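The residues making up each chain are set out below.
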Amino acid sequence: MDLFYRCLAKTSVSQTVENVHRLRVAIKGIRSLLVLMDKACAGALQKRDHLKIYAPLFRKAGQVRDIQISLGLLKSKKTAYLVPYKKYLGRILKVKTRHLHAETLVIDLKQLDKLNHELVNKIQNIHPGSIPQSAASLIQRLLGRVYSLSQKPRDVKTLHDIRIILKTVQESLEILLRIKPSQDWKAVDRKLKPMYDALGKWHDEALLIKSIKAYQHSSGSVNGHLTRLASRLEKENKTREDKIYALLRKLLPPFRQKGSRKAR
């Protein structure tokens, strides 16, 4: 929680790329921990009240982050045809940044402190071994879910779902390895890292492609240079998709049912 408060304070002052990213990472970590603790105490945590407080802040930070990512990918491209598009992104970013700044000032910290106090009281009754067990069980179940999704016909939504689930796996593994280090789970984390990286790059490019198409539609005219850029990016992402599915086929069969029996 201290990390979240520090990130919130910094983001309320300056909505830089680094501050916004760290705020989202802090919230993701809290959400993963809440899920694990709720599972460990058989749903008695009532994590929904916590999550409701973070949700608007996380969503608005995500909107800012998406545009910052697209602008970052275009930073090295100095061609003149991109100038109007970059200005378009800049205008949207200013609006979304104002919304995020406003949200950092109205988040109900008093209610959050109250919930945190209640949370501390509840988790004191959790058996020390329950959270690692819950984390391992959740990770196994999520990887099994990813395996099932990887067997479906390819489409953008399925790949987005796989990415979201694997982000939860990554965050849960981080918690598990901090609480109860395990060579087996460290090995799983190392094996999954190339997939995390490939999905991250795929997602960033997908955001940029979607943004370019939205700009072309809103401007009422088609810029041939932008169209060719979007097509090139789509080809690059198709190559990434092939790599991601190859990694899924290689890494996930042990989790196709209830999870790997070795990674315990």
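Described below are features of the structure shown in this document. All values reported here derive from a predicted model rather than from experimental measurement.

In terms of helices and strands, the chain carries 9 helices and 0 strands. Taken along its principal axes, the extent of the C-alpha atoms in the chain is 60 × 45 × 25 Å. Within the span of the chain, comprising 264 residues, buried residues form 44% of the whole. Within the chain, contacts between residues separated by at least 24 positions form 76% of all contacts whose residues are at least 6 apart in sequence. If you sum the accessible surface of the chain, you get close to 15,100 Å²; carbon and sulfur atoms cover 55% of it.

For the rest of this paragraph, the subject is the pattern of salt bridges. One pass over the structure, following the stated rule, counts 9 salt bridges. The closest approach of N and O atoms between Glu 174 and Arg 178, which form a salt bridge, is 3.1 Å. Taken as a pair, Glu 174 and Arg 178 lie in helix H7 (residues 156-179) at a separation of 4 residues, close to a single helical turn. When the shortest N-O distance is used, the salt bridge between Asp 197 and Lys 193 registers 3.0 Å. Of this pair, Asp 197 and Lys 193 both sit in helix H8 (residues 183-219), 4 residues apart, roughly one helical turn. Lys 193 sits in the partly exposed class, given a relative accessible area of 46%. Via salt bridges that share partners, Arg 154, Lys 238 and Asp 242 belong to a single interconnected network.

Before going further, it helps to examine the packing of helix H2 (residues 17-40) against helix H6 (residues 130-150). In the contact formed by H2 and H6, the axes pass within 8 Å of each other and the chain directions differ by 110°. Of the possible angle classes, the one that applies to H2 and H6 is roughly perpendicular. Here H2 and H6 pass one another in a crossing that is right-handed. Contact residues: H2 offers Val 35, Leu 36, Met 37, Lys 39 and Ala 40, while H6 offers Ser 130, Ile 131, Ser 134, Ala 135, Ser 137 and Leu 138. Considered class by class, the residues forming the contact of H2 with H6 number 7 nonpolar, 3 polar and 1 charged.

We now examine the nonpolar core. Counting residues in each nonpolar core, the largest one holds 40 residues, and the members touching the most others are Phe 4, Leu 23, Leu 57, Tyr 85 and Ile 212. Residue assignment for this core shows that the elements contributing at least two residues are helix H1 (2-13), H2, helix H3 (47-74), helix H4 (83-106), helix H5 (109-123), H8 and helix H9 (224-251). If near-sequence neighbours (up to four positions away) are discounted, Ile 212 is found in contact with Tyr 85, Leu 226, Leu 229, Ala 230 and Leu 233. Among the nonpolar cores identified, the runner-up in size contains 34 residues, and Val 188, Leu 199, Leu 247 and Leu 252 belong to it.

A word on H1. Between its first and last C-alpha, H1 extends 17 Å over 12 residues, near the 16 Å set by a 1.5 Å rise per residue. Three or more residues of H1 are buried, namely Phe 4, Cys 7, Leu 8, Thr 11 and Ser 12. Relative to the axis of H1, the buried residues are bounded by an arc of 130° and lie together on one face. Exposed residues lying more than 90 degrees from the buried face of H1 are Asp 2, Arg 6 and Val 13. Where H1 is buried, its residues meet H2, H3, H4 and H5.

Take Gln 170: it is sitting in helix H7. Separated by 31 residues in the primary sequence, Gln 170 and Ile 139 place their C-alpha atoms 8.7 Å from one another.

This part takes up the side chain of Ser 150. Here Ser 150 lies in helix H6. Relative accessible area serves as the criterion here: at 12%, Ser 150 is assigned to the buried category. At 2.6 Å, the side chain of Ser 150 forms a polar contact with the backbone oxygen of Tyr 147. A distance of 3.0 Å separates a polar atom in the side chain of Ser 150 from a polar atom in the side chain of Gln 151.

Here is what the cut-offs are and how they apply
- Residues numbered from 1 in each chain as written.
- Predicted model: local features only at pLDDT ≥ 70, side-chain atom pairs only at ≥ 80, totals over all residues.
- Heavy atoms only, no water.
- Helix = DSSP H or I, 4+ residues; strand = E, 2+ residues; numbered from the N terminus.
- Buried < 20%, exposed > 50% of the residue type's maximum accessible area, 1.4 Å probe, protein only.
- Contact = heavy atoms within 4.5 Å.
- Areas by Shrake-Rupley, 256 points an atom, 1.4 Å probe, with all protein chains shown as cover.
- Salt bridge = Lys/Arg side-chain N within 4 Å of Asp/Glu carboxyl O.
- Axes fitted to C-alpha atoms, helices over the stretch in contact; angles between N-to-C directions.
- Parallel < 35°, antiparallel > 145°, perpendicular 65-115°, else oblique.
- Left-handed = near helix turned anticlockwise from the far one by under 90°.
- Nonpolar A, V, L, I, M, F, W, Y, C, P; charged D, E, K, R; others polar.
- Core = buried A, V, L, I, M, F, W, Y, C linked by side-chain atoms within 4.5 Å.
- Expected span 1.5 Å × (residues − 1).
- Arc of directions from axis to C-beta.
- Polar contact = N/O pair within 3.5 Å; in protein donor to acceptor, adjacent residues only side chain to side chain.

Just distances and angles here, no functional claims.
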